[in-house]
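Okay, here's what each chain looks like letter by letter:
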Amino acid sequence: ITKFEQSTGYQLEVITLGDTGSLTNQLVLTQNAPVADVVYGIDNTFASVAIENNIVEQLKQVNYGDVCFNYDIVWFEKNNIQPPTSWRDLGDSKYKNLVVIPNPNLSSPGMAFLITTHAGFETEAEVFAYWRSLRDNGLKTTSSWTDAYFTDFTRYGGERPIVLSYASSPAAEVKDGKAQSKSLNTECFRQYEYAGVIKGGLNPQGGQAVIDYLLSKSFQESLPWNMFVYPNPGVEIPAEFKEFAPPAESVIGEDLDFAANRERWLTDWSDVFDN
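Residues numbered from 1 in each chain as written. Predicted model: local features only at pLDDT ≥ 70, side-chain atom pairs only at ≥ 80, totals over all residues. Heavy atoms only, no water.

### Brief notes about the state of the cysteines
Throughout the structure, instances matching the rule amount to 1 disulfide. With a sulfur-sulfur separation of 2.2 Å, Cys 68 is cross-linked through a disulfide to Cys 188. Between Cys 68 and Cys 188, the S-S torsion sits near 120°, and that sign places the bridge as right-handed. One end of the pair, Cys 68, is in strand β2 (residues 60-72); the other, Cys 188, is in the loop between β6 (181-183) and β7 (189-197), and 120 residues separate them in sequence. (Disulfide = S-S within 2.5 Å. Helix = DSSP H or I, 4+ residues; strand = E, 2+ residues; numbered from the N terminus.)

Structure below.
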């Protein structure tokens, strides 16, 4: 913030409005009286909501992250349980009451996982069968990624050693040069985060200055260690990320029509998990 203010002459006030879903929905609700000039954090799972509701001038990609399950290596070693190798394993009884995810209705990683399941099976019947296997196996859902990771994950004193997070997250868990958590790095969902000038904001020029700064080389290079996401293509990632937290080996689901299917998929999810 200081560097931005010094380099542009603008003063920057940051307002946080929750996870990506909550953020986007708040901007829709306040579009007649915008609360800010620029937004950073709308992702490709919610971009269609922003575009359909005409709340931003244009969305510019700032970073990306791969939504994957992470597991606590130390917990599995201590309990002598073989960790999963894929999200497809999580309905297995050996992982009963061990998994936590943020709710897809409220969280972009949760929505990304819901999309992943639709991309990973050929029929909706198979998707529903998988969801029911998770439900019956004690899957826990939380209101945000922060709650899932920093409250329920065993790395932070919780009781769930498998958490829906990002391929980059294990970089934060390295201790004395040794990995403490690992990402299930296949069949993940690639999440792109965008910034955009909010329509009707009081200072569109200042909003554009923020976006220009977010796309600058110095800010892009700072992203991995500050936000544990990957910078835009062409910017080098740190050696520790290459070793312990590389991008996913394979990603699925980007070709699905989120906008057309979002409400139905969320309703289906709620039907399975709330009944």
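### Quick word on the pattern of salt bridges
Taken as a whole, this structure holds 9 salt bridges when the rule is applied. For Asp 136, the salt bridge identified is with Arg 135, shortest N-O distance 3.0 Å. For Arg 135, a relative accessible area of 29% puts it in the partly exposed group. In this structure, Glu 236 engages Lys 242 in a salt bridge whose closest nitrogen and oxygen atoms are separated by 2.3 Å. (Salt bridge = Lys/Arg side-chain N within 4 Å of Asp/Glu carboxyl O. Buried < 20%, exposed > 50% of the residue type's maximum accessible area, 1.4 Å probe, protein only.)

### What to know about the side chain of Asp 72
Looking at the element boundaries, Asp 72 is found in strand β2. The side chain of Asp 72 is buried and forms no salt bridge, while Arg 155, the nearest opposite charge, is found at 4.1 Å. Reaching out from Asp 72, the side chain makes a polar contact with the backbone nitrogen of Val 74 at a distance of 3.1 Å. If we ignore the near neighbours within four places in the chain, the residues touching Asp 72 are Phe 153, Thr 154, Arg 155, Pro 161 and Gln 180. (Lys, Arg positive; Asp, Glu negative; His and termini not counted. Polar contact = N/O pair within 3.5 Å; in protein donor to acceptor, adjacent residues only side chain to side chain. Contact = heavy atoms within 4.5 Å.)

### Quick word on helix α9 (residues 217-227)
An α-helix turns once every 3.6 residues. As a result, residues three or four positions apart point the same way. All of the buried residues in α9 are Phe 219, Gln 220, Leu 223 and Pro 224. The buried side chains of α9 occupy one side of the element, clustering within an arc of 150° when seen end-on. Elements that come into contact with the buried residues of α9 comprise β1 (38-43), β2, α8 (204-214), β8 (230-231) and α10 (239-244). Backbone geometry just after α9 places Phe 228 at a positive phi near 55°. (Arc of directions from axis to C-beta.)

### Digging into the pairing of β7
Counting buried positions along β7 yields 9 of 9 residues, so the element is predominantly enclosed. Here β7 shows two buried faces, one formed by Phe 189, Gln 191, Glu 193, Ala 195 and Val 197 and the other by Arg 190, Tyr 192, Tyr 194 and Gly 196. As paired elements, β1 and β7 share 5 bridges and run antiparallel to each other. Residue pairing in the sheet places Val 38 in a bridge with Val 197 of β7. Here β2 pairs with β7 via 7 bridges, running antiparallel. Looking across to β7, one finds that Gln 61 is bridged to Tyr 194. (Pairing = 2+ DSSP bridges.)

### Focus: the packing of aromatic side chains
Taken as a whole, this structure holds 27 aromatic pairs when the rule is applied. Centre to centre, the rings of Tyr 71 and Phe 76 are 5.6 Å apart; their planes meet at 85°, and the pair counts as edge-to-face. Plain terms: the ring middles of Tyr 213 and Phe 219 are 5.9 Å apart, the flat faces sit at 55° to each other, and that makes the pair tilted. With respect to class, Tyr 213 is no different from Phe 219; both count as buried. Here the aromatic cluster, defined as three or more aromatic residues joined through ring pairs, consists of Trp 145, Tyr 149, Phe 150, Phe 153, Tyr 156 and Tyr 166. Residue placement shows Arg 262 over the ring face of Phe 46; its charged tip is 4.5 Å from the ring centre. (Phe/Tyr/Trp six-rings, centres within 6.5 Å; stacked < 30°, edge-to-face > 60°. Lys NZ or Arg CZ within 6 Å of the ring centre and 35° of its normal.)

All we've got here are geometric facts, nothing functional implied.
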